[in-house]
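Fold and geometry: a report
Below, each chain spelled out in residue letters.
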Amino acid sequence: MRQLIESIVKPLVDYPEEVRVVTDENASRIVYKLSVHPEDTGKVIGKQGRVAKAVRSIVYSAAGGYHKKKTYLDIVD
């Protein structure tokens, strides 16, 4: 799942080498924490959050059947 998130986000940003995805997992949920270069944060979020919403939709649909746990994608500063 980390590779999927990275492959979606890296073409969108100016600093693809600084894209990081950290996984935080417990018994009932998995949280993927996405961090990018500060200048790229706006590109990942998009106008009115449309890009972030689209990335989250892809991740949730792909992870829903795979993990059998609640899945979240957070974009951190």
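Residues numbered from 1 in each chain as written. Predicted model: local features only at pLDDT ≥ 70, side-chain atom pairs only at ≥ 80, totals over all residues. Heavy atoms only, no water.

In plain terms, the rule: UniProt positions are given in the numbering used here, feature names are shortened, and annotations may be inferred rather than shown by experiment.
Identification of the protein as RNA-binding protein KhpA from Planococcus kocurii is taken from an unreviewed UniProt entry. UniProt, in the comment section headed Subunit (unreviewed entry), describes the protein in these words: "Forms a complex with KhpB." The UniProt entry for the protein carries this comment under Subcellular location (unreviewed entry): "Cytoplasm".

1. Some words on the pattern of salt bridges
Under the convention used in this document: By convention in these notes, a salt bridge is any Lys or Arg side-chain nitrogen within 4 Å of a carboxyl oxygen on Asp or Glu. A run of DSSP states H or I qualifies as a helix once it reaches four residues; a run of E qualifies as a strand once it reaches two. Both are numbered from the N-terminal end. Burial here depends on accessible area, computed with a 1.4 Å probe over protein chains only, as a share of the maximum for the residue type. Under 20% is buried, over 50% is exposed, and the range in between is partly exposed.
Enumeration over the complete set of coordinates arrives at 2 salt bridges. Between D14 and K43 there is a salt bridge, with its nearest N and O atoms 2.3 Å apart. A residue pair is termed long-range when its members are at least 10 positions apart, and D14 in the loop between α1 (2–9) and β1 (20–25) and K43 in helix α2 (residues 41–45) qualify at 29 residues. Judged by relative accessible area, which is 51%, D14 ranks as exposed. With its nearest N and O atoms 2.8 Å apart, the salt bridge here joins K69 to E25. Within this pair, whereas K69 is found in the loop between α3 (50–67) and β3 (70–76), its partner E25 is found in strand β1, the two being separated by 44 residues in sequence. Accessibility expressed as a relative area gives 24% for K69, which makes it partly exposed.

2. Some words on the pairing of β1
The criterion, for reference: Two strands form a pair only when DSSP identifies at least two bridges running between them.
Across 6 bridges, β1 lies against strand β2 (residues 29–35) in antiparallel orientation. Bridged to R20 within β2 is S35. Hairpin remark: β1 followed by β2, antiparallel, with 3 residues in the connecting loop.

3. Focus on the sheet that holds β2
Applied cut-off: Under this scheme, a helix contributes an axis fitted over its contacting stretch, all axes are lines through C-alpha atoms, and angles between N-to-C directions fall in the 0 to 180 degree range.
Pairing is mixed across the open sheet formed by 3 strands, whose spatial order is β1-β2-β3. Pairing within the sheet leaves two strands with one partner each, and these edge strands are β1 and β3. Direction aside, neighbouring strands of the sheet carry axes that sit 20° apart on average.

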